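Survey of secondary and tertiary structure
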Amino acid sequence: MAEEEENVEEASIRTEFPAGRVKKIMRLDKEVNKVTSEALFLVSRSTELFLRFLAEKSAEVATEKKRKIVKSEHLRIAVKRHRPSSDFLLDSLPAPPAPQSQEEASVGRKREVANKPAPAGTRRIDAFFAISASGASPSA
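The paragraphs below set out a description of the structure included in this document. (Residues numbered from 1 in each chain as written. Predicted model: local features only at pLDDT ≥ 70, side-chain atom pairs only at ≥ 80, totals over all residues. Heavy atoms only, no water.)

**Topic: helix α3 (residues 37–64)**
The cut-off we apply is this: The secondary structure listing takes helices from DSSP runs of H or I that are at least 4 residues long and strands from runs of E that are at least 2 residues long, numbered from the N terminus. By this rule, a helix spans an expected 1.5 Å times one less than how many residues it contains. Exposed residues in this analysis have more than 50% of their type's maximum accessible area, buried residues have under 20%, and partly exposed residues fall in between, with area computed by a 1.4 Å probe over protein chains only. When checking whether two residues touch, look at their non-hydrogen atoms; a contact exists if any pair is within 4.5 Å.
Helix length check: α3, at 28 residues, gives a terminal C-alpha distance of 41 Å against a target of 40 Å (1.5 Å per residue), a fit within 8%. Residues of α3 that are buried include every one of L40, S44, E48, L54, S58, V61 and A62, and no others. Looking at the buried side of α3, the elements it contacts are α2 (19–26), α4 (72–81) and α5 (83–89). Once α3 ends, the next one or two residues include K66, with phi positive near 60 degrees.

**Quick look at the pattern of salt bridges**
As a reminder of what qualifies: Whenever Lys or Arg places a side-chain nitrogen within 4 Å of a carboxyl oxygen from Asp or Glu, that contact is recorded as a salt bridge.
Going through the model one piece at a time under the given rule, you end up with three salt bridges. In this structure, the salt-bridge partner of E48 is R45, at a minimum N-O distance of 3.0 Å. With E48 and R45 both in helix α3 and three residues apart, this pair spans about one turn of that helix. For R81, the salt bridge identified is with E64, shortest N-O distance 2.9 Å. Taken together, the residues R81 in helix α4 and E64 in helix α3 connect sequence positions 17 residues apart. The class of R81 is exposed, set by a relative accessible area of 53%.

The analysis is restricted to geometry; functional conclusions fall outside its scope.
Given below as structure tokens:
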């Protein structure tokens, strides 16, 4: 009866990552020749738990900043707060983007729209609102 319970527990704990890919990644290390099924299970499961932990902490940071979408900056803050993971993971994360002022961001958007050609059969609304060269104002 105890053996049946162990088999049921083993069958119910499945890893999310494909075993073949995890094994292939593990074998990239030149010191690893063979990978046992137990080692494969432990590495897969620990990776799942670690990623779940990072996702939860990043979501907490996003919630603190009143955001609905978790961005890389939230992940970076979560890693910085957790000392053991920041020791090895912080260098692997992409560098934060350079801060842009709102004026620069809005100017960039305006240029992008102005440079796009109008679709065939349409015209830009800018011409309608532009003051004519003769100086006459549009009639009401």
